[in-house]
Amino acid sequence: MSATDIARQVGEDCRTVPLAGHVGFDSLPDQLVNKSISQGFCFNILCVGETGLGKSTLMDTLFNTKFEGEPATHTQPGVQLQSNTYDLQESNVGLKLTVVSTVGFGDQINKEDSYKPVVEFIDAQFEAYLQEELKIRRVLHTYHDSRIHACLYFIAPTGHSLKSLDLVTMKKLDSKVNIIPIIAKSDAISKSELTKFKIKITSELVSNGVQIYQFPTDDESVAEINGTMNAHLPFAVIGSTEELKIGNKMMKARQYPWGTVQVENEAHCDFVKLREMLIRVNMEDLREQTHSRHYELYRRCKLEEMGFKDTDPDSKPFSLQETYEAKRNEFLGELQKKEEEMRQMFVQRVKEKEAELKEAEKELHEKFDRLKKLHQDEKKKLEDKKKSLEDEMNAFKQRKTAAELLQSQGSQAGSSQTLKRDKEKKNFF
């Protein structure tokens, strides 16, 4: 009997027995709470929306603090993900909060691929966690989990309908992250327009098959409030870090020439609802959904790509050893095949190179023969010309010698005649 069969049999044979007295394992929840508090918690929020919709201001308002960061411009060449992590402390509970913002989202003329950097960033966090899980020595208890737990999708308060960019992006993200759509700067449109806008958004999301995060209703303690809040999605919110004195209290509000909008007044906006649902009621469920649903889907797809399955083709229990050996043999076979292909390619290229070199050598020999023949012809011409010049020089020398001889003979004859005349002249006298 295999170890898997033994484990299955042990599980089937589990029986319930009564206790005769108090044992003490009912303190496990308290132990778990104490351990969790000592380790602290992490929560990662992704803010997706166009520049200028108040993403940073809303984060400051939600956590009642001032996060560092500079306002983004509309001149970004592409979409960039900017991540900042902060350590927050409330009472004795520590929270490592990571806020990721999409800088330049929707600012480009061509918005076709604006969602891709967002999807790649989310997958990169899943991949980092999976690589940590697959290590021989894992340190998940100290590993900083950077997986996105909640995506606040900021919708511009146009009052008409969702933009194509919003629908495409949310459709690409709904299987990877918990999407909570919110209408940003909702005080820009009237209440009646806001109500119609919410209905329009919900209708478009349903008709386009976009799955947004639904607050869980399986827990009786929060089922009623979550069921009510699901009907209020998307939340219409306003953010402000400015405090104004209203009555006898200082409240976060926005001052306009026509009046004051109170951020925490539920008659003015849904900010309180968002804070309750996101932080105070469902933060742990968002973390759990990220791990059990979105990460598990990514993990399953990655492992299936590597050839790992729950059962083999014969519907027998999965064997990691056999799968590893099969994948190893398959990899070695592919490696040998590629090696043979590379060897054949190398031999073919060597032959082609040899043929090219032989052709080049033949051309060089032909060129050398042509040049050699040309050299010989030129040399023969020069030799013929040289011989002709030498003959001319010899003939010239002969003519010169003859001319000198004639001149010498002429001079001697002239001298003899002169002497003869002188002699005759002397004899005459």
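You'll find the structure just up there.
Residues numbered from 1 in each chain as written. Predicted model: local features only at pLDDT ≥ 70, side-chain atom pairs only at ≥ 80, totals over all residues. Heavy atoms only, no water.

**Q** What exactly am I supposed to notice about the overall build of the chain here?
**A** Tallying secondary structure elements over the chain gives ten helices and nine strands in all. Scaling as 2.2 N^0.38, a compact globule of 429 residues should have a C-alpha radius of gyration of about 22 Å, whereas the chain reaches 49 Å, well beyond that. Taken over the C-alpha atoms alone, the chain extends approximately 190 × 80 × 45 Å along its principal axes. Relative to its 429 residues, the chain shows a buried fraction of 30%. Partitioning the contacts of the chain with sequence separation of at least 6, the portion at a separation of at least 24 is 67%. Summed over all atoms, the accessible surface of the chain reaches about 29,700 Å², with 53% contributed by carbon and sulfur. Counting 63 positive and 69 negative side-chain charges, the chain places the centres of these two groups 13 Å from one another. (Helix = DSSP H or I, 4+ residues; strand = E, 2+ residues; numbered from the N terminus. Rg over C-alpha atoms; globule rule 2.2 N^0.38 Å. Buried < 20%, exposed > 50% of the residue type's maximum accessible area, 1.4 Å probe, protein only. Contact = heavy atoms within 4.5 Å. Areas by Shrake-Rupley, 256 points an atom, 1.4 Å probe, with all protein chains shown as cover. Lys, Arg positive; Asp, Glu negative; His and termini not counted. Charge placed at Lys NZ, Arg CZ, Asp CG, Glu CD.)

**Q** Looking at this model, I keep getting lost on the sheet that holds strand E7 (residues 243-246). Mind explaining?
**A** Remark on secondary structure: sheet strands pair via backbone hydrogen bonds, oriented parallel or antiparallel. Spatially, E7-E8-E9 is the arrangement adopted by the three strands of the open sheet, whose pairing is antiparallel. The sheet terminates laterally at E7 and strand E9 (259-262), the two strands that pair on one side only. On average, adjacent strands in this sheet sit at an angle of 65° to one another, irrespective of strand direction. Judged from the four bridges that link them, E7 and strand E8 (residues 249-256) form a sheet pairing that is antiparallel. Across the sheet, residue Lys-245 finds its bridge partner in E8, namely Met-250. (Pairing = 2+ DSSP bridges. Axes fitted to C-alpha atoms, helices over the stretch in contact; angles between N-to-C directions.)

**Q** Honestly, the pattern of salt bridges in this entry has me stumped. Any pointers?
**A** Pairing is possible between side chains of opposite charge, provided their charged atoms come close. Evaluated as defined, the whole model comprises 20 salt bridges. Among the salt bridges present, the one from Lys-252 reaches Glu-243, with a minimum N-O distance of 3.8 Å. Using a relative accessible area of 44% as the deciding quantity, one classes Glu-243 as partly exposed. A cluster of three or more residues bridged by salt bridges with shared partners is formed by Lys-198, Glu-266, Asp-270 and Lys-273. (Salt bridge = Lys/Arg side-chain N within 4 Å of Asp/Glu carboxyl O.)

**Q** Looking at this structure, I do not really get the side chain of Glu-50. What am I missing?
**A** Here Glu-50 is to be found in the loop between strand E1 (41-48) and helix H3 (55-62). For Glu-50, a relative accessible area of 17% gives the class buried. A distance of 2.9 Å separates polar atoms of two side chains, one belonging to Glu-50 and the other to Lys-163. (Polar contact = N/O pair within 3.5 Å; in protein donor to acceptor, adjacent residues only side chain to side chain.)

**Q** Before we go on, may I ask you to explain the packing of helix H7 (residues 220-230) against helix H8 (residues 271-281) in this structure?
**A** Two elements in contact, H7 and H8, have axes separated by 11 Å at closest approach and are oriented at 140°. Put simply, H7 runs oblique to H8. Handedness of the H7/H8 crossing: left-handed. Here H7 contributes Val-222, Ile-225, Asn-226 and Met-229 to the contact with H8, which in turn contributes Lys-273, Met-277 and Val-281. (Parallel < 35°, antiparallel > 145°, perpendicular 65-115°, else oblique. Left-handed = near helix turned anticlockwise from the far one by under 90°.)

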